[in-house]
Structure formats: C-alpha cells, structure tokens
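The primary structure of each chain is shown beneath.
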Amino acid sequence: MKTDDLIAMLSTHVEPVDRNKVTRSIAIAVAFGAAAAVAVVAVGFGVRSDLGEDGSFVFLAAKLVFSLGIVALSSMYLTRLARPGGERKTSLLIVVLPFIAIMAMAAGALSMAPWSHWDDEVMGQQWVECLISIPLIAVVPFAVTMWAVRQQMPTDLRKAGALAGLVAGGLSATGYALHCMDDSVPFVAIWYGATIALCAAAGALLGPKLLRW
Amino acid sequence: MSVNEPALKALMVAALAGDARAHRELLQQLSSYLRGYYQGRLARTGRGVADAEDLVQEALMAIHTGRHTYDPAEPLTPWVHAIARYKLLDYLRRTRVSATDVGIDEAEDVVAVDDRVGAESAFDLGRLLGRLPDRMRQAIQLVKIDGLSVAEAAAKCGASESAIKVNIHRGLKALGTAIARERKS
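All values reported here derive from a predicted model rather than from experimental measurement.

Some thoughts on the overall build of chain A
- Per the secondary structure count, chain A includes nine helices and zero strands.
- Starting at the N terminus and walking to the C terminus, you meet the elements of chain A as α-α-α-α-α-α-α-α-α.
- A principal-axis box enclosing the C-alpha atoms of chain A has dimensions of 75 × 35 × 25 Å.
- Burial statistics for chain A: of 213 residues in total, 49% are counted as buried.

Looking at the domain arrangement of chain B
Residue and element names in this part refer to chain B.
- Along its sequence, chain B is carved into domain 1 (1-122) and domain 2 (123-185).
- Summed over both sides, the interface of domain 1 with domain 2 buries roughly 1000 Å², with 61% coming from carbon and sulfur.
- Per-residue buried area on domain 1 facing domain 2 is highest for Met61, Thr65 and Arg94; these three make up 46% of the total on that side.
- There are zero salt bridges connecting domain 1 and domain 2.
- Between domain 1 and domain 2 we count zero residue pairs in polar contact (both at pLDDT 80 or more) in total.
- The element that contributes the greatest number of residues to the side of domain 1 that touches domain 2 is helix α3 (residues 52-65), accounting for seven residues.
- Class assignment for the residues of the side of domain 1 that touches domain 2 results in four nonpolar, four polar and four charged.

Things to note about the interface of chain A and chain B
- With 34 residues of chain A at the contact, the number on the chain B side is 58 residues.
- Summed over both partners, the interface of chain A with chain B comes to about 3800 Å²; 61% of that surface belongs to carbon and sulfur atoms.
- Considering only the side of chain A, the residues that lose the most area to chain B are Met1, Met9 and Leu10 of chain A, jointly responsible for 20% of the buried surface there.
- Its salt-bridge partner being Asp90 of chain B, residue Arg212 of chain A comes within 2.7 Å of it at the nearest N-O pair.

Quick look at the nonpolar core
- Grouped together as the largest cluster of nonpolar side chains are 104 residues, with contacts concentrated most on Tyr192 of chain A together with Leu34, Tyr38 and Leu175 of chain B.
- Among the elements that make up this core, the one with the highest residue count is helix α8 (residues 157-177) of chain A (11 residues).
- Each of domain 1 (1-122) and domain 2 (123-185) of chain B gives at least three residues to this core.
- Those residues in contact with Leu175 of chain B that sit more than four places away from it in its chain are Met9 of chain A together with Met61, Leu125, Leu128, Leu129 and Leu132 of chain B.

So, the UniProt feature "transmembrane region" (unreviewed entry) in chain A
Residues and elements named next belong to chain A.
- As annotated in UniProt, the feature "transmembrane region" (unreviewed entry) corresponds to residues 26-45, 57-78, 90-111, 131-149, 161-179 and 185-207 in the numbering used here.
- Within residues 57-78, the helical portion is 100% and the strand portion 0%, while the C-alpha atoms at the span's ends are 30 Å from each other.
- Taken end to end, residues 185-207 comprises 100% helix and 0% strand; its first and last C-alpha atoms sit 31 Å apart.

Quick look at the state of the cysteines
Residue and element names in this part refer to chain A.
- For the structure on display, the rule yields zero disulfides over all chains.
- Left without a disulfide partner, Cys180 is nearest to the cysteine sulfur of Cys130, which lies 5.9 Å away.
- A residue is classified by how much of its surface remains accessible, and Cys180, at 3% relative accessible area, is buried.
- Just so you know, Cys199 is unpaired, no disulfide at all, and the nearest cysteine sulfur is the one on Cys130, 10 Å from it.

So, the pattern of salt bridges
- On inspection of all chains with the given rule, the structure shows 12 salt bridges over all chains.
- Between Arg88 of chain A and Glu74 of chain B there is a salt bridge, with its nearest N and O atoms 3.9 Å apart. In this pair, Arg88 of chain A sits in the loop between α3 (56-81) and α4 (97-112) while Glu74 of chain B sits in the loop between α3 and α4 (76-94), so the two residues belong to two different chains.
- Across the salt bridge formed by Glu58 of chain B and Arg94 of chain B, the nearest N and O atoms sit 3.7 Å from each other. Taken together, the positions of Glu58 of chain B in helix α3 and Arg94 of chain B in helix α4 put the pair 36 residues apart, joining distant regions of the chain.
- The exposure class of Arg94 of chain B is buried, given its relative accessible area of 18%.

A word on a positive patch on the surface
- Positive charge collects at one region of the surface, where Lys21 and Arg150 of chain A together with Arg135, Arg170 and Lys173 of chain B lie side by side.
- Mapped onto the elements of the fold, Arg150 of chain A is located in helix α7 (residues 139-150).
- With relative accessibility at 36%, the residue Arg150 of chain A sits in the partly exposed group.

Observations regarding the UniProt feature "domain: RNA polymerase sigma factor 70 region 4 type" (unreviewed entry) in chain B
- On the UniProt side, "domain: RNA polymerase sigma factor 70 region 4 type" (unreviewed entry) is annotated at positions that read residues 124-175 of chain B here.
- For residues 124-175 of chain B, the end-to-end C-alpha separation is 11 Å, with 79% helix and 0% strand making up the annotated structure.

A word on the environment of Ala29 of chain A
Residue and element names in this part refer to chain A.
- Here Ala29 shows up in helix α2 (residues 21-45).
- Residues Ala29 and Ala148 lie 119 residues apart in sequence; the distance between their C-alpha atoms is 6.4 Å.
- If near-sequence neighbours (up to four positions away) are discounted, Ala29 is found in contact with Val144, Thr145 and Ala148.

Digging into helix α6 (residues 127-137) of chain A
All names here are of chain A.
- Within α6 the residues assigned to the buried category are Cys130, Ser133, Ile134 and Ile137. All buried residues of α6 fall inside an arc of 95° around its axis, so they share one side. Exposed positions of α6 whose direction lies more than 90 degrees from the buried face are Ile132 and Leu136.

Cut-off values and rules
- Residues numbered from 1 in each chain as written.
- Chains lettered and ligands numbered in written order.
- Predicted model: local features only at pLDDT ≥ 70, side-chain atom pairs only at ≥ 80, totals over all residues.
- Heavy atoms only, no water.
- Helix = DSSP H or I, 4+ residues; strand = E, 2+ residues; numbered from the N terminus.
- Buried < 20%, exposed > 50% of the residue type's maximum accessible area, 1.4 Å probe, protein only.
- Domains from an automatic or database assignment.
- Buried area = accessible area lost by both parts, 1.4 Å probe.
- Salt bridge = Lys/Arg side-chain N within 4 Å of Asp/Glu carboxyl O.
- Polar contact = N/O pair within 3.5 Å; in protein donor to acceptor, adjacent residues only side chain to side chain.
- Nonpolar A, V, L, I, M, F, W, Y, C, P; charged D, E, K, R; others polar.
- Contact = heavy atoms within 4.5 Å.
- Core = buried A, V, L, I, M, F, W, Y, C linked by side-chain atoms within 4.5 Å.
- UniProt positions renumbered as here; feature names shortened; annotations may be inferred.
- Disulfide = S-S within 2.5 Å.
- Patch = residues over 30% accessible without salt bridge, like charges linked within 9 Å, V, L, I, M, F, W, Y side chains within 5 Å.
- Areas by Shrake-Rupley, 256 points an atom, 1.4 Å probe, with all protein chains shown as cover.
- Lys, Arg positive; Asp, Glu negative; His and termini not counted.
- Charge placed at Lys NZ, Arg CZ, Asp CG, Glu CD.
- Arc of directions from axis to C-beta.

Listed below in structure tokens is the structure:
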C-alpha cells in the first residue's frame, strides 16, 4: 500500500471531531462506575442500618469527602494521562494528597486516644470485610474506566493504569462507605487507604496489558 | 531543520473542524517527518529500514483515528511524537528488541526529513479490508475510497448516517490493529 494512497483514503470525507470527547468518555465511565458501585452495595450489602442516628451522617459524609476527593483528583489527572504524551507534564504527586491528609488526621486521632483504645480505633469491627469488599466492588468501575482510557491512546500505560485503578478504588470506597459502620479515622485511613492503594497497584500492573492499542 | 509547529497546528485545528484538505496536507507533512524518524531509529537499533514505511502508516492511522485525543491547548509536535514513539516501542517489543536500545529521544527528532515520493509499505489494503466485517468494509469502501458522501453511502447500504460514520471509525481502527497483527505473523 502506498502511503499517499493511505493518506488519500484517510482524508476523504473528514468528519469534524468532538473536542470534548476524551473528557466526556472518562466522565461517563466514572459516572457509570459510581452507579455500579452504589448499586452493588445497596443490593448486595445493604445501606448502614443506623443511618439517621446521632452523628452517622457526619461520619458518612467525612468518608465520602475522602473517597470522592480521590475520585475527583485522580479522574482529573486521568483525562490528561489518557492521551498520547499526557504523562509529559503531569506529576502524580497531587493524587497522593488525600492519603497524606487522612494519615495525618489518623495520627492526630490516635495520639489523643488512650493506648487501650488503639485496637478498636484501628481494627474496628469489620476490617476483614472492608479489605475484601473494596477491591471486589471496584471490579466493574475498574473495567469500565480502563475501557474508556484505552480509547484515548495513553502512552504511559503503567501510570494510566494506576490512575484508572485509583479512580475505581475511590468509587468502590464511596459505595462501601454507605454500608460500613466503622467510623474511626484511623480505620478509614488504614483500611480504605490500603485497599484503594491496592486497586491502584493492580491498575499499574495490568495497565501495560489491558491498555495497549 | 525545525518543525513548523504553528503551521502544523493550524492544519490540525482545521482538520479537527472537518477540513479534508487541511487533513490531507497535515498527514502528508507528518508522513515525511515520521519517515525520517523511523528510518533513523530503526537504523540506530541495527534494523533494516525496510519496516519504516509500515510504521509510518501505522502511526498515520493512529493519528487519524485518535485525532480526538489531541488537545488544541497544547502544542501538536509532542502529541505526534508520543504516538510515533509508542508505535516504535510497540514494534520493537513485538520484534523482540529491548526498549533501552532506542535511547531517549526528544520531540525535535521527529523533524528529520526524508521525502521519498511514492513510499510504499508491505501491507495490501485490499487484503486488510477483506478481513474486516462486511458493514465496516463496505462503509470504508464507499466513503473513503469511492468518495461517496456519508448520506449517499447510507442510502446505498440502507443504514443510518450515524451507523455509516461509526462503521468507518471502527473499521479504520480495526485496520490499524490488523496492520500490527499482520507484521507479527
């Protein structure tokens, strides 16, 4: 095939291109992932039974600020990294901020709590459930996000995969927060933080395989 | 020689708005940059430059089907370079040479120019098209090769215009993948 023939073919009847397509594809994937995570939790786990009692809304809101903060930051960076060359000027340090913030708050809370309460604060009632549930709920958001990212031709597949995993982990934690009744800051910092980071690691690992185009 | 970034970017912006002539001009200019880039890189890795034209065409397909990923707020050259380099690394990975042999390259490298008129790849368009699903092949044949308008092609196929557009887009993407697979086999 002659290159000139290929060019002639490609430039016959060129359609105008929607410039917001990258942002919109990723936004749709995130919205779909969020809906999937919430649906799985609402149907499979049930929303926490004490909702409406003292303070439960405040605790829930605090957890959502953490998880949605991660989703917002990481999906913002994902729209850059999903494009060819997007890794060029993008530093990923900012997406770590929510983790650092909650770790600092957890350290503060622990330093004020008596030693005997540490076990309760850190392990909560359901740390095993949390550890298993968040990666599990993240599966659908992860698949949808990776699919959307692949369409944008990322060139740093490891970083793009890690960010997609982070988005999925954040979405999953958002859903799980509706169910989870462990409200201590150290619990959220450690178990939510670790499982979300695990999702990001899985993304970094799978990115080079799943995101190839 | 330096790349004429403002001129290329202007062509790209016009192409994104649907200007076919600008799109053609853009692809033509980029093809000579890409040719110089791939020939230089392949020579540096000790490969023959015979595959350079295949890579040029793969990169052109990716630039075309992925043009929505270009952000006009950014310069064009780094975007083209990222695609060119990705395709090169992908090629080297498939043909088993380590990426470290390629070395670091700068966006300026894409500008090396070698204008070879009538450059040809080893791919046979007819054969590649033959492997696509009928809907896609027909849409590409009618609109992109025979030059019918989307509306005419839609009437001829008894499909909606948006279906024709989708089939062209998916078909071209599949064609790009088929090229890569062709080389592997």
